[in-house]
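# Survey of secondary and tertiary structure
Listed below, chain by chain, are the residues.
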Amino acid sequence: MSIEDLESIALAMVAPGKGIIAIDESTKTIAKRFESVGIENTEENRRAYRELLLTAPGLNEHISGAILYDETIRQSTRDGVPFTQVMKKLGIIPGIKVDKGPVPLAGFPGDVVTEGLDGLRERLAEYAKLGAQFAKWRAVINISEDNPSSTAIEANCHALARYAALCQEAGLVPMVEPEVIMDGDHSIDVSYEVHEAVLRSLFNALYEQNVMLEGAILKVSMVIPGKDAEEQAEVEEVAEATVRVLKSTVPASLPGIVFLSGGQTDEQSTAHLNAMNRIGPHPWPLSFSYGRAMQQAALKLWAKDMKANYAEAQKTVAARAKENGQAALGRWTGGK
Ligand SMILES: O=P(O)(O)OC[C@H]1O[C@](O)(COP(=O)(O)O)[C@@H](O)[C@@H]1O
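Looking up the protein in an unreviewed UniProt entry gives the name Probable fructose-bisphosphate aldolase class 1, with the organism given as Dyella thiooxydans. Entered under Pathway (unreviewed entry) in the UniProt record, the comment concerning the protein runs "Carbohydrate degradation; glycolysis; D-glyceraldehyde 3-phosphate and glycerone phosphate from D-glucose: step 4/4." What the UniProt record of the protein gives under Sequence similarities (unreviewed entry) is the line "Belongs to the class I fructose-bisphosphate aldolase family."

Quick look at the structure:
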């Protein structure tokens, strides 16, 4: 696949007013989400839930792509149609999570590094055959008095860049995701400094590994104070700090940037994205790739009565897509 082909997929992922729905929770993470609302974590429940989300009427008006998990990309609807086929019909680009999750970084207590490079070339080839057009790898950066170490930043960015190069070789658009975790009591300034160090290291590593930025997407956290910080920030402050750090570290040749929600409320995640787009134009489209902030309201509804609330849960996720699609244009009018 040529770089032009990769670029056109990347551009479609961040088409105006559209974003990504992240439904790639690993079995361990979906277990947590299901447990919080009293749903049993069985393969059938996971399949049914992902079908509910992917086939929500109107979802595709504001959703360009969906990130799937290894189990999900092999699953089908109740009527036996593979999810990837359903998505193709709806114009939702299939993506796949390919990292194997974070593990403690030896020698650096509190830091983690994401694994999954071994055998990745073969796995990517299989996912491409199954219909994936982009892939995602998430690096986790923790903040505390002693974290992150520069070693952790470098190790994670090196892995992200190795993964991104392999994706492009396989004809998949890499969605590179460094997530600076919101846990802790750090200030917005500390979050800014960590984002700056991580993004500098990331784009350095991508350059070193010959990754063509024109065929890649950045998925990143917002510059925001820790959840337990005494001083929380105004929406405009988060928007301004996030845009500032991106402008000083991310080359303009990148086709687009999407955000994760990271534990923000639905309203915060939408308000922050909207505020960023209101202070544009920026060198790249700024959109969303939310997991929890797209799904949590729908999941709660479905959990209460899987049959009776099915259609309502679908309406709810489609409504979140619409709100975030408006925020991606700076045209969200909710919350006022
Ligand atoms: O820990 P896991 O199972 O890899 O999942 C992490 C989740 O974090 C994300 O990267 C972002 O999700 P949120 O928007 O909920 O923070 C998702 O794509 C993914 O499902």
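### Observations regarding helix H10 (residues 266–278)
For H10, which comprises 13 residues, the first-to-last C-alpha distance of 18 Å matches the rise-based estimate of 18 Å (1.5 Å per residue) to within 8%. The element H10 is largely enclosed, with a buried count of 10 among its 13 residues. If you check which residues of H10 are buried, you get Asp266, Ser269, Thr270, Ala271, His272, Leu273, Asn274, Ala275, Met276 and Asn277. Contacts made by the buried residues of H10 are with helix H9 (235–249), strand E9 (257–259), strand E10 (286–290), helix H11 (292–304) and helix H12 (310–327).

### Some words on the site of the ligand
Taken together, 16 residues sit near the ligand, with Ser26, Thr29, Lys97, Ser261 and Gly262 positioned nearest. In the environment of the ligand, an oxygen atom lies 2.6 Å from a nitrogen or oxygen atom belonging to the side chain of Ser26. Separating an oxygen atom of the ligand from a side-chain N or O atom of Lys136 is a distance of 2.8 Å. Judged by its atoms lying within 2 Å of the grid points, the ligand is housed in the largest pocket. Residue composition of the shell around the ligand, by class: three nonpolar, five polar and eight charged.

### Points about the packing of aromatic side chains
Aromatic ring pairs: the centre-centre distance and the angle between the two ring planes describe each pair. Considering all chains together, one arrives at four aromatic pairs under this definition. Summarising the aromatic geometry, the rings of Phe34 and Tyr49 are spaced 5.6 Å apart at their centres and angled 75° between planes, so their arrangement reads as edge-to-face. Taken together, the residues span a long stretch of sequence, with Phe34 in helix H2 (residues 27–37) and Tyr49 in helix H3 (residues 43–54) at a distance of 15 residues. Here Phe34 matches Tyr49 in class, with each residue buried.

### As for the packing of H3 against H12
Two elements in contact, H3 and H12, have axes separated by 8 Å at closest approach and are oriented at 55°. Taken together, the axis directions place H3 and H12 in an arrangement best described as oblique. Here H3 runs over H12; the crossing is right-handed. Side by side, H3 and H12 meet where Ala48, Glu51, Leu52 and Leu53 of the first sit next to Tyr310, Ala313, Gln314 and Val317 of the second. Of the residues contributing to the contact of H3 with H12, the split by class is six nonpolar, one polar and one charged.

### Here's the deal with the pattern of salt bridges
Taken as a whole, this structure holds 17 salt bridges when the rule is applied. With its nearest N and O atoms 2.9 Å apart, the salt bridge here joins Arg47 to Glu44. Here Glu44 and Arg47 lie together in helix H3, a separation of three residues that amounts to about one turn. For Arg47, a relative accessible area of 10% translates into the label buried. Of the residues examined, Glu44 reaches a relative accessible area of 45% and is grouped as partly exposed.

### A closer look at H11
Taking 1.5 Å as the rise per residue, H11 with 13 residues should run 18 Å; its terminal C-alpha atoms sit 18 Å apart, in good agreement. Looking at H11, one finds that the buried residues are Ala293, Met294, Gln295, Ala298, Leu299 and Trp302.

### Considering the side chain of Gln295
Structurally, Gln295 can be placed in helix H11. Among the residues examined, Gln295 registers a relative accessible area of 5% and is labelled buried. Looking at Gln295, its side chain comes within polar contact range of the side chain of Glu25, at 2.7 Å. The contacts of Gln295, once residues within four sequence positions are left out, are Ala22, Ile23, Glu25, Tyr49 and Leu53.

The rules behind these values
- Residues numbered from 1 in each chain as written.
- Predicted model: local features only at pLDDT ≥ 70, side-chain atom pairs only at ≥ 80, totals over all residues.
- Heavy atoms only, no water.
- UniProt positions renumbered as here; feature names shortened; annotations may be inferred.
- Helix = DSSP H or I, 4+ residues; strand = E, 2+ residues; numbered from the N terminus.
- Expected span 1.5 Å × (residues − 1).
- Buried < 20%, exposed > 50% of the residue type's maximum accessible area, 1.4 Å probe, protein only.
- Contact = heavy atoms within 4.5 Å.
- Near = heavy atom within 4 Å.
- Polar contact = N/O pair within 3.5 Å; in protein donor to acceptor, adjacent residues only side chain to side chain.
- 1 Å grid on protein atoms, 1.4 Å probe; cavity = no way out; pocket = protein on both sides within 12 Å on 5 of 7 lines; lining within 4 Å.
- Sits in = over half its atoms within 2 Å of the grid points.
- Nonpolar A, V, L, I, M, F, W, Y, C, P; charged D, E, K, R; others polar.
- Phe/Tyr/Trp six-rings, centres within 6.5 Å; stacked < 30°, edge-to-face > 60°.
- Axes fitted to C-alpha atoms, helices over the stretch in contact; angles between N-to-C directions.
- Parallel < 35°, antiparallel > 145°, perpendicular 65-115°, else oblique.
- Left-handed = near helix turned anticlockwise from the far one by under 90°.
- Salt bridge = Lys/Arg side-chain N within 4 Å of Asp/Glu carboxyl O.

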